[in-house]
Amino acid sequence: MASPTPISIPHFVETQLQLLLLEHEAEVSSSSLATTAASVSPATRRTLQATGYALTGLVLSQCRTGLGGRVVGEFAPDPAVSSGKSDNDRASDGQPRLGSHGIRVGDVVRVNDVSAGNAKKIGKDKGKDGGSKEQKDKGGPEGVVTRVNDKAIWIAFGQQGRGGGTSKEDDEAIEELWGKKLWAMKLANDVTYRRMRQTMEKMAKMTESDHSHFMRVAFGHTTPLQPDYEDISPVEFSDPTLNDSQKDAIRFALASKDIALIHGPPGTGKTHTIIELIMQMVQRKKRILVCGPSNISVDNIVERLAPKKVPVIRVGHPARLLPSVLEHSLEVLTQTSDAASIVKDVRKEIDDKQASIRKTRTGRERRAIYDDLKQLRKEFRERESKCVDNLVRESSVAVATLHGAGGHQLKNQKFDVVIIDEASQALEAQCWIPLISADKVVLAGDHLQLPPTVKSTNLKSKPGAEKKDDGPKKEILKGVSLERTLFDRLLSLHGSEIKRMLTTQYRMHEKIMRFPSDELYESKLMAGDAVKSRLLADLPYETQGTDDTQEPLVFWDTQGGDFPEKAEEKELGQKEALLGESKSNEMEAMVVARHVDTLVEAGIKPEDIAVITPYNGQLSVLSQMLREKHPGLELGSVDGFQGREKEAVVVSLVRSNAEHEVGFLGEKRRLNVAMTRPKRHLCICGDSDTISRGSSFLKHWMDYLEENADLRYPDAGDLL
Ligand SMILES: Nc1ncnc2c1ncn2[C@@H]1O[C@H](COP(=O)(O)OP(=O)(O)OP(=O)(O)O)[C@@H](O)[C@H]1O
């Protein structure tokens, strides 16, 4: 292996710290509305909900004590808002449903009272009992979403990552929420940022002798050791369905001494492979930490490991409530296992005390209870930490999000291998949280799909930041971006010898797969036998054999100038600020809508269809046209649909202009995500004339569609 060019660790750390700071500032400013929460108008709240930043129309329905002695509030739809709503707004049991929103498990939110200007008023009226004026002015209490379903949302209160759980101030603020009309507002997630920063600072303090072998490999100070296949043979696979590329990747990851990358293009069974790898490692008595950037990514792994009887523990907020996952969640185990009895009594005492607050008459009585609660919580945390430590020590596999791996539960634990799934969607600094003490690392991902979303992008797109920064700083940041992932960086540092690629995909029809395979994956992808010729007409329910249900690839080419794009209008005000400089194309949206109608008329269930577009502006237009007509249909942005799949996917490309500007579409990885979501049917709507001039990749794609898709030309007159 050729010697890589070494990277200075202190220089890397300094760059990361500065980029992270910029990113944090960008994130905070995008959710800055939260700090003026008390004066947000109903219309703005609705816009915030539509753009994924808020959830309105809530009431507090229950409180209990959760992990870490935190108070967990359950918030349900406000009955006053939901009465008079249609059946669509009710769950199957008739209970009101929360409106559609973008708040997810793990999000940090603040719960506010909707009555305008209430904060100051309460602060004044209630004096000392009403909580500090400072707390009120910035809105209600802050917490982390632990669970969401269509009828309620659960929030664990307390500022995250500071280890203190729910504080006395939080208790007071939560008490104020009872009986009020509430809304939850997403905040910038400080914990992830703080943990990344702490990790970088820790790395900065290390001397050369502190650097592990893995760390030296990761920065090119040495080359990876040769994999030792003799050490691992023979490998007896427990899953008989694994294909050769999956087996090869598993053998390689077992034999590697320090680093192995598993490159999993769309639908190639990356997670499937990781599960077998974990099984093999457990058989070899290894202790494994499995991480991923999101709760969903790691829950997926717990869910799949659970039936295999692997001793696994899920550290952090449990995101799913499937019985198989719950059984392994640290939160549940600290309540139900034998080791948990020492914690139970205190939990009960806290709950009883909490309930007694409502019966108090004076502020003095209440304050006395808050003091008791503080003591009890301290005791709770001490006992719980012992219990948690024992539980984690006993399991061979610990599963956590990347930032969750930096929590106190795993502080004193040592693992033989750290596996990171979806590594190409994680910021590098985030990966270092578990990697700083790792000896051997397996990263799984696909660097040819989208990297993590970065708000600050780079210095150039932040003119303000450029002015603020002094000369040397600018020099450090030149050409570096947070979007460069560890997966990507290691590949360019050490070349493809450190990776194995999975080559059989089990999602797409051959014709849908061919272009991304040829253009991005060196023509190495093969379609599994079961999927390569599957059509919508073969779905296991009744459908009609039409031009659409018997065709895997359709291209509605809008060239000719009758389907022009437009920029989002200024009058959108606040909404515009949230959507950014977005584009839309109403005529093209009509083509999309008509295609969806035709699919549904042919018997395809709306639940089996997704409409995706790179532009939020277009998403709004499409939502207005389609949401009510086909409630089960999924509408989303391309970026938000990464990792997902549907039987049929309609993609709206939007761009159509005389200047041949393609904007967002110039990013291959975005188009790769868009075109690899469907199983049986991909329909592209766009202007081949504009798009083909965007890049050679786009030109090849348009040529491929022209030759291989069922090519159609919409008539603008027909649509109007
Ligand atoms: N060897 C195999 N034989 C048959 N089916 C397989 C095989 N490996 C994976 N699959 C199937 O392929 C699908 C995708 O697998 P999995 O979810 O593990 O993929 P992934 O690569 O993690 O997905 P994504 O593309 O979303 O990252 C699943 O339905 C899985 O059952």
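Remember, predicted model here, so these are calculated numbers, not experimental data.

## Focus: the pattern of salt bridges
What the rule picks out here adds up to 37 salt bridges. Among the salt bridges present, the one from Lys181 reaches Asp78, with a minimum N-O distance of 3.1 Å. Of the two residues, Lys181 is situated in the loop between α6 (168-175) and β6 (182-187) and Asp78 in the loop between β2 (71-77) and α3 (79-82); the sequence distance between them amounts to 103 residues. Overall, Lys181 belongs to the partly exposed group, its relative accessible area being 43%. Its salt-bridge partner being Arg314, residue Asp299 comes within 2.7 Å of it at the nearest N-O pair. With a gap of 15 residues between them, Asp299 in helix α11 (residues 295-305) and Arg314 in strand β9 (residues 312-314) connect regions that are remote in the sequence. Arg314 matches Asp299 in its accessibility class, with the two residues each being buried.

## Quick look at the confidence of the model for the protein
Scored by pLDDT, the protein has a mean of 85; 85% of the residues are at 70 or more. Low pLDDT, under 50, characterises residues 570-579; the stretch is placed with 14 contacts to residues that sit more than four places away or in other chains. Confidence estimates for the predicted assembly give a pTM of 0.81 and an ipTM of 0.96.

## Some remarks on the site of the ligand
What surrounds the ligand is a group of 15 residues, the closest being Thr241, Gly267, Lys270, Thr271 and Arg304. Residue Tyr506 places a side-chain N or O atom 3.2 Å away from a nitrogen atom belonging to the ligand. Within the contact set of the ligand, an oxygen atom lies 3.1 Å away from a side-chain nitrogen or oxygen of Arg507. Here the ligand has 640 Å² of accessible area as a free molecule, and 73% of this is covered by the chains. Taken together, the residues of the shell around the ligand break down into three nonpolar, nine polar and three charged.

## Here we look at α6
For α6, the buried fraction is high: six of the eight residues fall into the buried class. Taken together, the buried positions of α6 are occupied by Asp170, Asp171, Glu172, Ala173, Ile174 and Glu175.

## Some details on the nonpolar core
The biggest cluster of nonpolar side chains holds 63 residues, and the ones touching the most others in it are Met203, Leu410, Ile420, Trp432, Leu435 and Leu443. With nine residues, helix α15 (residues 363-394) is the largest single contributor of residues to this core. Once residues lying within four places of it in the same chain are set aside, the contact partners of Met203 are Ile9, Phe12, Val13, Met215, Phe219, Trp432 and Ile436. Residues Ala527, Leu553, Ile612 and Ala674 belong to the second largest nonpolar core, which totals 37 residues.

## Digging into the pairing of β6
Within β6, five of the six residues are buried, leaving the element largely enclosed by the surrounding structure. Across three bridges, the pairing between strand β1 (residues 54-65) and β6 is antiparallel. Residue Ala54 lies in a different strand from β6, and its bridge partner there is Met185. Pairing between strand β3 (residues 108-113) and β6: six bridges, direction antiparallel. Residue pairing in the sheet places Val108 in a bridge with Leu187 of β6.

## Remarks on the sheet that holds β1
Spatially, six strands are ordered β1-β2-β5-β4-β3-β6 in a closed barrel, and the strand pairing comes out antiparallel. Each neighbouring strand pair of the sheet contributes to a mean axis angle of 50°, computed without reference to strand direction. This element, helix α2 (residues 42-50), spans β1 and β6 of the sheet and lies at about 80° to β1.

## Comments concerning the packing of aromatic side chains
Scanning all chains against the criterion turns up seven aromatic pairs. Ring geometry for Phe515 versus Tyr704: centroids 5.5 Å apart, planes at 45°, classification tilted. Separated by 189 residues along the polypeptide, Phe515 in helix α20 (residues 510-520) and Tyr704 in helix α26 (residues 696-708) bring together distant segments of the chain. Residue Phe515 is classed as buried on the basis of its relative accessible area, which comes to 4%. According to the relative accessible area criterion, Tyr704 is buried, its value standing at 13%. Summarising the aromatic geometry, the rings of Tyr615 and Phe664 are spaced 5.2 Å apart at their centres and angled 20° between planes, so their arrangement reads as stacked. A residue pair is termed long-range when its members are at least 10 positions apart, and Tyr615 in the loop between β19 (609-613) and α23 (616-626) and Phe664 in the loop between β21 (646-652) and α24 (668-675) qualify at 49 residues.

## Looking at the pairing of β19
Most of β19 sits out of view: five of its five residues are buried. The alternating pattern of β19 places Ile609, Val611 and Thr613 on one face and Ala610 and Ile612 on the opposite face, and all of these are buried. Note that β19 and β21 share four bridges and pair parallel. Paired with Ile612 across the bridge in β21 is Val651. Relative to strand β20 (residues 634-637), β19 runs parallel, the two being bridged by four bridges. Looking at the pairing, Ala610 lines up with Glu634 of β20.

## Observations regarding the sheet that holds β9
The pairing of strands in a sheet happens through backbone hydrogen bonds and is either parallel or antiparallel. Reading across from one edge, β9-β10-β8-β11-β12-β7-β13 is the order of the seven strands in this open sheet, with parallel pairing throughout. Single-partner strands in this sheet number two, and they are β9 and β13 (499-501). Across the sheet, the mean angle from the axis of one strand to that of its neighbour is 20°, orientation sign disregarded. Note: strand β11 (residues 417-420) against strand β12 (residues 441-445), three bridges, orientation parallel. When the sheet's bridge partners are listed, Val418 is paired in β12 with Val441. Of the strands in this sheet, β7 (259-263), β12 and β13 touch helix α9 (residues 244-255), which is tilted by about 165° from β13.

## Points about the environment of Leu305
By secondary structure assignment, the location of Leu305 is in helix α11. Residue classification places Leu305 among the buried residues on the basis of a relative accessible area of 0%. Put simply, Leu305 and Lys440 are 135 residues apart on the chain and 21 Å apart in space, counted from C-alpha to C-alpha. Beyond its immediate stretch of four places on either side in the chain, Leu305 contacts Ile275, Ile278, Val310, Val312 and Val397.

## Digging into helix α22 (residues 586-601)
Taking 1.5 Å of rise per residue, the 16 residues of α22 would be expected to cover 22 Å, and the 22 Å separating its terminal C-alpha atoms lies within 8% of that figure. Just downstream of α22 lies Gly603, where phi reads positive at about 100°.

## Notes on the environment of Gly640
Counting through the fold element by element, Gly640 comes out in the loop between β20 and β21. Placed 75 residues apart in sequence, Gly640 and Asp715 show a C-alpha to C-alpha distance of 31 Å.

How each quantity is defined
Residues numbered from 1 in each chain as written. Predicted model: local features only at pLDDT ≥ 70, side-chain atom pairs only at ≥ 80, totals over all residues. Heavy atoms only, no water. Salt bridge = Lys/Arg side-chain N within 4 Å of Asp/Glu carboxyl O. Helix = DSSP H or I, 4+ residues; strand = E, 2+ residues; numbered from the N terminus. Buried < 20%, exposed > 50% of the residue type's maximum accessible area, 1.4 Å probe, protein only. pLDDT = per-residue confidence, 0-100. Contact = heavy atoms within 4.5 Å. Near = heavy atom within 4 Å. Polar contact = N/O pair within 3.5 Å; in protein donor to acceptor, adjacent residues only side chain to side chain. Areas by Shrake-Rupley, 256 points an atom, 1.4 Å probe, with all protein chains shown as cover. Nonpolar A, V, L, I, M, F, W, Y, C, P; charged D, E, K, R; others polar. Core = buried A, V, L, I, M, F, W, Y, C linked by side-chain atoms within 4.5 Å. Pairing = 2+ DSSP bridges. Axes fitted to C-alpha atoms, helices over the stretch in contact; angles between N-to-C directions. Phe/Tyr/Trp six-rings, centres within 6.5 Å; stacked < 30°, edge-to-face > 60°. Expected span 1.5 Å × (residues − 1).

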